[in-house]
Amino acid sequence: VHGIIIMQGKVASNLGILKERIVQALRKTTKTNQTSILAVSKLKPANLILEAMNAGQVHFGENYVDELYEKATSMSTAIHWHMIGHLQTNKCKKLFAIPNLHLVETVDSLKLAKALNKIAMERAKKLSVLVEILTSDEGTKTGIPPKDAPSLVDAIINECTNLNFAGLMTMAKIHDVKSYRLVYNLRGSLAAKYGKKTEELELSMGTSEDFEDAIVEGSTQIRVGSVLFGAREYTTPH
């Protein structure tokens, strides 16, 4: 309880500071002219999420389907929820029970894409997805290797009629500028291939530790938790 009391009132000011840092980073690049904030609310209590929302934050990201479902069904429907954790096919149906699910950022296999598409077709829904690119060799990171990404994107666009390919996401090592450049260039080649403007495709990369580097390399969305909410985790995952 003590930790929550300390954090109350801080989220709004943290958000203001974060926005100013984003503005400063955008001045250093020509690769993007705007970057949105995805507030990573994993293991954060509802009161902190509400404080961020009251300060103008709309998009929130969760790592666990069960936690996402619990929050989404008990909190404001004005929130746009993003799934940013590794997604197993047996959890896909539960995602579709969330009416304000905005984006699934972690599609990394054709099997997962087809599972999501099948349920979307059954429910007569359209689902926007990002393809997650593997840029780290740490072993704990998920994603599809860059060389295999074009074929997955092609399958999503041409075979998964109820999925909308909305861009790319990566969880690179902190300050891994080389990986950010690789994913930026991959987005450019995919946009050209499918006749889209580059800025039509989201580029989700960068965290609390290195979001300025990611913005300079073209990130259109940063996924940040600790710079907004503080580092403390309040509950255990399911």
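Our subject in this report is the structure included herewith. Predicted model, so just to flag it, every value in this text is computed and none were measured. Throughout this description, residue numbers start from 1 for each chain and increase along the sequence as written. Predicted model: local features are reported for residues with pLDDT of at least 70 only, side-chain atom pairs are reported and counted for 80 or more only, and whole-chain, interface and lining totals are derived from all residues. Only heavy atoms go into the side-chain values, all of them from the structure, while hydrogens and water stay out.

Details of the packing of aromatic side chains
Filter applied, for reference: Within 6.5 Å between ring centres, the rings of Phe, Tyr and Trp (the latter by its six-membered ring) count as paired, and their orientation is classed by plane angle as stacked under 30 degrees, edge-to-face over 60, tilted in between. Whether a charge sits over a ring comes down to the Lys NZ or Arg CZ being within 6 Å of the ring centre and within 35 degrees of the ring normal.
Applying the stated rule across the entire model yields 1 aromatic pair. The residue whose ring lies beneath K31 is Y184, and the NZ or CZ to ring-centre distance is 4.7 Å.

Observations regarding helix α4 (residues 65–74)
The line we're drawing: Think of it in three bands: with a 1.4 Å probe and only protein chains considered, a residue is buried below 20% of the maximum accessible area for its type, exposed above 50%, and partly exposed in between. Per the convention used, a helix needs a DSSP run of H or I reaching at least four residues, while a strand needs a run of E reaching at least two, with both numbered from the N terminus. Residue contacts follow a heavy-atom distance rule, with two residues in contact if any of their heavy atoms lie within 4.5 Å.
Taken together, the buried positions of α4 are V65, D66, E67, L68, K71 and A72. Where α4 is buried, its residues meet α3 (46–54), β2 (59–62), β3 (80–83), α5 (92–95) and β4 (101–107).

A short note on the nonpolar core
Nonpolar side chains in soluble globular proteins tend to be buried together. Our working rule: Throughout, nonpolar core names a set of buried Ala, Val, Leu, Ile, Met, Phe, Trp, Tyr and Cys residues whose side chains join them through atoms within 4.5 Å.
L95, V104 and L116 are the most contacted members of the largest nonpolar core, which totals 63 residues. Those residues in contact with L116 that sit more than four places away from it in its chain are L87, C92, L95, F96, V104, V107, L127 and L163.

A closer look at the side chain of S208
Convention followed: Between N or O atoms, a polar contact is any pair within 3.5 Å; within protein, one atom must be a potential hydrogen donor and the other a potential acceptor, and residues adjacent in sequence are included only when both atoms are from side chains.
As for its position among the elements, S208 is in the loop between β7 (202–204) and α9 (211–216). Taking relative accessible area as the criterion, S208 reaches 12% and is therefore assigned buried. Polar side-chain contacts of S208 include one of 3.3 Å to the backbone nitrogen of G225. Among the polar contacts listed, one links the side chain of S208 to the backbone nitrogen of V227, at a separation of 3.3 Å. Look past the residues within four positions of S208 in its chain and what remains in contact with it is R223, V224, G225, S226 and V227.

What about the pattern of salt bridges?
Any two side chains of opposite charge can pair, so long as their charged atoms come close to each other. Applied cut-off: Within this document, salt bridges are pairs made up of a side-chain nitrogen of Lys or Arg and a carboxyl oxygen of Asp or Glu, the two lying within 4 Å of each other.
Summed over all chains, the structure comprises 11 salt bridges. The closest approach of N and O atoms between R21 and E212, which form a salt bridge, is 2.9 Å. Of this pair, R21 sits in helix α2 (residues 10–26) while E212 sits in helix α9, and the two are 191 residues apart along the sequence. Among the ionic contacts, a cluster of salt bridges with common partners joins K31, R181 and E217.

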